[in-house]
Amino acid sequence: CSACGVVSSRRAHLRLCLERLKGMVPLGPDAGRHTTLSLLTRAKLHIKRLEDSDRKAVHQIEQLQREQRHLKRQLEKLGIERIRMDSIGSSVSSEHSDSDRGETLCPGTKQNWLGR
C-alpha cells in the first residue's frame, strides 16, 4: 500500500524533526521523557525568551549609539574650544616682544630665564 509508505515516511520525518528540536530547546531538570505537546510548548517559550532578549539587545545598541553620538559631539565641541583657547593663548604670548622675554630675570639671580 503506497499510502501507508507515505504516512510512515511523514511520521519518521516528524520524529526526526522533534529530535532536532529537543537538541535546540533547553529541556530543564525533568529532561526525561517529554510529550510532543510539552516539547512544542517549551520551544514556544524558548522562542519568546529569545525574542525578548533580542529586543533588549537592539534597544541597548540603539541607546549606546545615541550615547556615542552625544559623546562625539561633546568631543568635537571640546576640540573647537581647545583650538580657540590655543589661539587666544598664542595671541596673548605674541603681545610680549622678544626682548622682553629674553631679559626676564630668574628670581634672586642676575641671569635671565635663558641662562644669559
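Conventions and cut-offs
Residues numbered from 1 in each chain as written. Predicted model: local features only at pLDDT ≥ 70, side-chain atom pairs only at ≥ 80, totals over all residues. Heavy atoms only, no water. Helix = DSSP H or I, 4+ residues; strand = E, 2+ residues; numbered from the N terminus. Buried < 20%, exposed > 50% of the residue type's maximum accessible area, 1.4 Å probe, protein only. Areas by Shrake-Rupley, 256 points an atom, 1.4 Å probe, with all protein chains shown as cover. UniProt positions renumbered as here; feature names shortened; annotations may be inferred. Patch = residues over 30% accessible without salt bridge, like charges linked within 9 Å, V, L, I, M, F, W, Y side chains within 5 Å. Salt bridge = Lys/Arg side-chain N within 4 Å of Asp/Glu carboxyl O. Lys, Arg positive; Asp, Glu negative; His and termini not counted. Charge placed at Lys NZ, Arg CZ, Asp CG, Glu CD. Core = buried A, V, L, I, M, F, W, Y, C linked by side-chain atoms within 4.5 Å. Contact = heavy atoms within 4.5 Å.

Topic: the overall build of the protein chain
- On a plain count of helices and strands, the protein chain comes out with three helices and zero strands.
- Secondary structure elements of the protein chain occur, N-terminal to C-terminal, as α-α-α.
- In the protein chain, buried positions account for 9% of the 116 residues.
- For the protein chain, the accessible area works out to roughly 10,400 Å², and carbon and sulfur atoms hold 58% of it.

With respect to the UniProt feature "coiled-coil region" (unreviewed entry) in the protein chain
- Here, UniProt's "coiled-coil region" (unreviewed entry) annotation points to residues 47–81.
- Structurally, residues 47–81 is divided into 100% helix and 0% strand, and its ends, taken at the C-alpha atoms, are 51 Å apart.

Considerations on a positive patch on the surface
- Where like charges cluster on the molecular surface, the positive patch consists of Arg 66, Arg 69, Arg 73 and Lys 77.
- Mapped onto the fold, Lys 77 is located in helix H2 (residues 36–94).
- According to the relative accessible area criterion, Lys 77 is exposed, its value standing at 55%.

Focus: the nonpolar core
- Leu 18, Leu 21, Val 25, Leu 27, Leu 39 and Ala 43 together form the largest nonpolar core, which totals six residues.
- Leu 39 has contacts with Leu 18, Leu 21, Lys 22 and Leu 27, leaving out every residue within four places of it along the chain.

Re the pattern of salt bridges
- In the structure shown here, the tally under the stated rule is two salt bridges.
- For Lys 22, the salt bridge goes to Glu 19, with nearest N and O atoms at 3.4 Å. Here Lys 22 and its partner Glu 19 are both found in helix H1 (residues 2–24), three residues apart, which amounts to about one turn of the helix.
- On the basis of relative accessibility, which here comes to 29%, the residue Lys 22 falls in the partly exposed class.
- Between Asp 52 and Arg 55 there is a salt bridge, with its nearest N and O atoms 2.4 Å apart. Here Asp 52 pairs with Arg 55, and both are found in helix H2, just three residues apart, close to one helical turn.

Description of the environment of His 46
- Relative to the helices and strands, His 46 resides in helix H2.
- For the pair formed by His 46 and Val 25, sequence separation is 21 residues and the distance between their alpha carbons is 6.7 Å.

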